Amino acid sequence: MSFRLLLQRFYRGEISADIVGRPKLWYSISGALVLFSLVGLFVVKLSFGVEFTGGTVFTINAPDASISQVREAVSAKVGGEPIVQKAGDDWRVTTETLTISQVQSVTDNAVKEFGPSAIKGNEVVGSSWGGEVSKKAWQALFIFMILIIAYLSV
């Protein structure tokens with residue numbers, strides 16, 4: 001029997017699935033999915049971006065450069081392990097929060113390595129914005145849960 005024919009028979013009511021009659025099966029599946037989600041959340045943990053942790057983001061125009069060349073050009077002046085991502089023809093490099101002199105040093109090194117138009121921009125992102133967004137998200141979730149409980153109670 002083809003899948004399409006099976007769906008047509010199901011739609012017309014000729015066959016049915018006993019979902020209500022097997023609560024232990026469905027509770028077990030739901031419980032396993034919730035447990036899997038919690039393990040992923042608390043064991044693997046979330047990986048917050050620069051918007052939540054703070055840092056400095058450089059946009060480097062070096063279309064012919066490799067990821068290792070860009071990483072070395074930035075880490076030579078900053079230390080640590082910058083996160084390098086391809087963003088169209090440009091590279092997006094994220095580091096920890098840098099001082100003005102460190103930003104200038106990275107800019108000078110990128111210009112030396114990749115040419116005068118290498119740096120398209122840089123920005124320092126504070127972690128306070130991410131903390132504020134997280135706080136608002138928890139508040140919204142709390143209000144949402146109260147409204148859902150009130151709706152289901154009515």
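Now for a quick tour of the structure. (Residues numbered from 1 in each chain as written. Predicted model: local features only at pLDDT ≥ 70, side-chain atom pairs only at ≥ 80, totals over all residues. Heavy atoms only, no water.)

### Section: the overall build of the chain
Note the following rule: Secondary structure elements are defined from DSSP: runs of H or I of at least 4 residues count as helices, runs of E of at least 2 residues count as strands, and each element is numbered from the N terminus. Here the globule rule reads 2.2 Å times residues to the power 0.38, and the radius of gyration is calculated from C-alpha atoms. A simple rule labels every residue: compare its accessible area, found with a 1.4 Å probe on the protein chains alone, to the largest value its type can have, and call it buried under 20%, exposed over 50%, or partly exposed in between. Two residues form a contact once any of their heavy atoms are found within 4.5 Å. Computed with a 1.4 Å probe, the accessible areas rest on the Shrake-Rupley method; for each residue, only the protein chains presented here act as cover. Here the positive residues are Lys and Arg and the negative ones are Asp and Glu; neither His nor the chain ends is included. We put the charge of a Lys on NZ, of an Arg on CZ, of an Asp on CG and of a Glu on CD.
Helix and strand counts for the chain come out as six helices and four strands. For the chain, the N- to C-terminal ordering of α and β elements is α-α-α-β-α-β-β-α-β-α. For the chain, the C-alpha radius of gyration of 26 Å lies well beyond 15 Å, the compact-globule estimate for 154 residues. Along the first, second and third principal axes, the C-alpha set of the chain runs to 75 × 45 × 25 Å. The proportion of buried residues among the 154 residues of the chain is 20%. Contacts spanning at least 24 positions in sequence make up 68% of the contacts within the chain whose residues lie at least 6 apart. When the accessible surface of the chain is split by element, carbon and sulfur atoms take 64% of a total near 11600 Å². A distance of 13 Å separates the average location of the 14 positive side-chain charges in the chain from that of its 13 negative side-chain charges.

### Considering the sheet that holds strand E1 (residues 55-60)
So the rule is basically this: By this definition, two strands are paired if DSSP reports at least two bridges between them. Lines fitted to C-alpha atoms define the axes here, with helix axes fitted over just the stretch in contact, and angles between the N-to-C directions of these axes take values from 0 to 180 degrees.
One open sheet accounts for four strands, arranged E2-E3-E1-E4; its pairing is antiparallel. Every other strand in the sheet has two partners, leaving strand E2 (83-87) and strand E4 (119-125) as the edge strands with one partner each. Strand-to-strand twist across the sheet, computed as the mean angle between neighbouring axes with direction ignored, equals 15 degrees. As judged from the five bridges shared by E2 and strand E3 (residues 90-95), these two strands associate in the antiparallel manner. Its bridge partner lying in E3, Ile83 is registered against Thr94. Those strands touched by helix H4 (residues 67-78) are E1, E2 and E3, and its axis lies near 40 degrees from that of E3. Contacting E1 and E4, helix H5 (residues 100-114) crosses the sheet at an angle of about 20 degrees to E1.

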